[in-house]
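Listed below are the residues making up each chain.
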Amino acid sequence: KQKKMLTYQQRAALCTHPVAKRLFTIMHEKRSNLAFSVDVTSATQLLQFADDIGPYICLLKTHVDILEDFSQDFVTRLQATAKKHNFLIFEDRKFADIGQTVLKQYISGLYRICDWAHIVNAHIVPGPGVIHGLSKVGVPKERGCLLIGQMSSQGSLATGEYTTAAVKMAEENSNFVMGFICQGSLTDDPRFIHMAPGVQLGGSGDQLGQQYNSPAQMVTEKRVDVIIVGRGILNAEDPVATAKLYQHAGFEAYENLSNN
Ligand code: 5FU
């Protein structure tokens with residue numbers, strides 16, 4: 001199916017979700033559809049990476065519960081870095097419980113994720129209650145949520161009807177849900193953003209079930225909007241130069257699409 005693609009700028013204009021609108025605007029302005037998954041266990045190291053790689057990304061993805069030295073000071077610095085380089089923060093928490101529990105996990109505990117993460121994500125296995133719980137505070141605080149429609153890992157059970165159900169739940173909760181974690185486009189609605197992890201140049205996977213596609217495959221063939229790259233950048237000899245490489249690869253693939 002060849003149809004004219006909308007640009008990020010056009011999609012920003014169509015969005016009513018405040019976080020989706022902001023993210024598409026950043027992608028347009030910074031010419032970046034790259035999200036960096038900064039999976040390190042030191043907060044100091046995370047902040048250094050965020051400052052170094054920040055200019056080239058639209059989004060920084062965290063796993064805050066792997067940090068060994070989390071603090072309020074870390075949160076303050078991370079927010080300042082996000083502001084300095086104009087990227088959003090996505091905590092890859094993968095909420096997956098009843099509404100009442102995920103609400104507490106979102107706003108309280110050590111991390112108070114809702115205070116600093118512009119975007120979180122959720123598994124749909126509990127049913128729509130997981131979204132309703134998170135959106136109780138997420139919507140008033142103008143936060144966004146991605147539903148996990150597919151996963152990059154080998155043997156994932158998130159396929160077929162499960163994936164279709166994720167799209168339906170997103171459509172029914174579009175005041176909070178802004179898109180999907182997926183491995184390809186799930187809907188033609190231009191207001192939903194598709195983000196794909198499992199991206200690496202030249203890698204096929206790891207020993208624990210991860211499976212990789214290249215930026216061009218993800219964007220041009222599978223029609224995802226944002227590529228999420230972790231170890232492809234983290235383990236590179238020159239992470240900054242490599243981040244630039246991924247930024248260019250991802251954005252060039254998008255421009256090829258828009259020009260068709
Ligand atoms: F939902 C998912 C998924 O389906 N696959 C993933 O890999 C999330 N991830 C995350 O993206 C995972 O937890 C890592 O944080 C990141 C991928 O890192 P990599 O080093 O690029 O493999």
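Not measured: the values here are computed from a predicted model.

Caption draft 1: How the structure looks around the site of the ligand. Taken together, 17 residues form the shell around the ligand, and within it Met151, Ser152, Pro197, Gly230 and Arg231 come nearest. Here the shell around the ligand is built from residues that sort into six nonpolar, eight polar and three charged.

Caption draft 2: A look at unusual backbone geometry. A positive phi angle is found at asparagine 86, which is not glycine, with a value near 55°. Position of asparagine 86 among the secondary structure elements: in the loop between α4 (72–85) and β3 (88–95). Residue class for asparagine 86 comes out partly exposed when judged on the 16 C-beta atoms lying within 10 Å of it. The phi dihedral of lysine 94 is positive, around 50°, even though this residue is not glycine. On the secondary structure map, lysine 94 appears in strand β3.

Caption draft 3: Region of the structure containing the sheet that holds strand β4 (residues 119–122). Strand order in this closed barrel of eight strands is β1-β2-β3-β4-β5-β6-β7-β8, and the pairing throughout is parallel. Strand-to-strand twist in this sheet, taken as the mean axis angle between neighbours without regard to direction, amounts to 30°. As paired strands, strand β5 (residues 144–148) and strand β6 (residues 177–181) are joined by four bridges and run parallel to one another. The residue of β6 that forms the bridge with leucine 146 is glycine 179.

Caption draft 4: Structural context of the nonpolar core. In terms of nonpolar packing, the biggest core is built from 76 residues, with Ala35, Leu134 and Ile227 touching the most fellow members. Non-local contacts of alanine 35, meaning those with residues more than four positions away in its chain, are made with Ile57, Cys58, Leu59, Lys61, Phe90, Met195, Val226, Ile227 and Ile228.

Caption draft 5: Up close: the environment of threonine 25. Within the secondary structure layout, threonine 25 lies in helix α2 (residues 18–30). With 18 C-beta atoms counted inside 10 Å, the residue threonine 25 sits in the partly exposed group.

Caption draft 6: Quick look at the UniProt feature "binding site: substrate" (unreviewed entry) in the chain. This chain's UniProt record puts "binding site: substrate" (unreviewed entry) on Asp39, Lys61, Ser152, Gln210, Gly230 and Arg231. If you trace the backbone, serine 152 turns up in the loop between β5 and α7 (160–172). Residues within four places of serine 152 in sequence aside, it is in contact with Gln183, Pro197, Gly198, Gln210 and Gln211. One can find glutamine 210 in the loop between β7 (193–196) and α8 (215–221). Given 18 C-beta atoms within a 10 Å radius, glutamine 210 is considered partly exposed. Apart from residues no more than four positions distant in its own chain, glutamine 210 is found in contact with Ser152, Ser153, Gly198 and Gly205.

Caption draft 7: Main features of the pairing of β7. Residue alternation in β7 divides its side chains into two sets, Ile193 and Met195 and His194 and Ala196, and both sets are buried. Bridging between β6 and β7 involves three bridges; their strand directions are parallel. Looking at the pairing, isoleucine 181 lines up with methionine 195 of β7. By the bridge criterion, two bridges tie β7 to strand β8 (residues 226–229) in an arrangement that is parallel. Residue pairing for β8: alanine 196 is matched across the bridge by isoleucine 227.

Caption draft 8: Layout of helix α6 (residues 129–138). Taken as a whole, α6 has its buried residues at Val130, Ile131, Gly133, Leu134, Ser135 and Gly138. Looking at the buried residues of α6, the elements they touch are β3, α5 (99–107), β4, β5, α7 and β6.

Reading the values: rules and limits
- Residue positions are given per chain, counting from 1 as you read along its sequence in written order.
- For a predicted model such as this one, the threshold for reporting local features is a pLDDT of at least 70, and the threshold for listing and counting side-chain atom pairs is 80 or more; totals across whole chains, interfaces and linings nevertheless cover every residue.
- For each residue, a C-beta atom is placed from the backbone, and the residue is labelled near a molecule or strand when this atom is within 6 Å of it.
- Any residue outside Ala, Val, Leu, Ile, Met, Phe, Trp, Tyr, Cys, Pro, Asp, Glu, Lys and Arg is labelled polar, Gly included; the first ten of those are nonpolar and the last four are charged.
- The helix count covers DSSP runs of H or I at least four residues long, the strand count covers runs of E at least two residues long, and both are numbered beginning at the N terminus.
- Exposure classification rests on a simple neighbour count of other C-beta atoms within 10 Å of a residue's own: a residue reaching 20 or more is buried, one at 12 or fewer is exposed, and one in between is partly exposed. C-beta atoms are placed from the backbone.
- Strand pairing is assigned whenever DSSP detects at least two bridges linking the two strands.
- Axes here refer to lines fitted to C-alpha atoms; in helices the fit is confined to the stretch in contact. Angles between the N-to-C directions go from 0 to 180 degrees.
- We define a nonpolar core as a collection of buried residues of the types Ala, Val, Leu, Ile, Met, Phe, Trp, Tyr and Cys that are connected via C-beta atoms lying within 7 Å of each other.
- What counts as a contact is two residues whose backbone-derived C-beta atoms lie within 7 Å of each other.
- UniProt positions are given in the numbering used here, feature names are shortened, and annotations may be inferred rather than shown by experiment.

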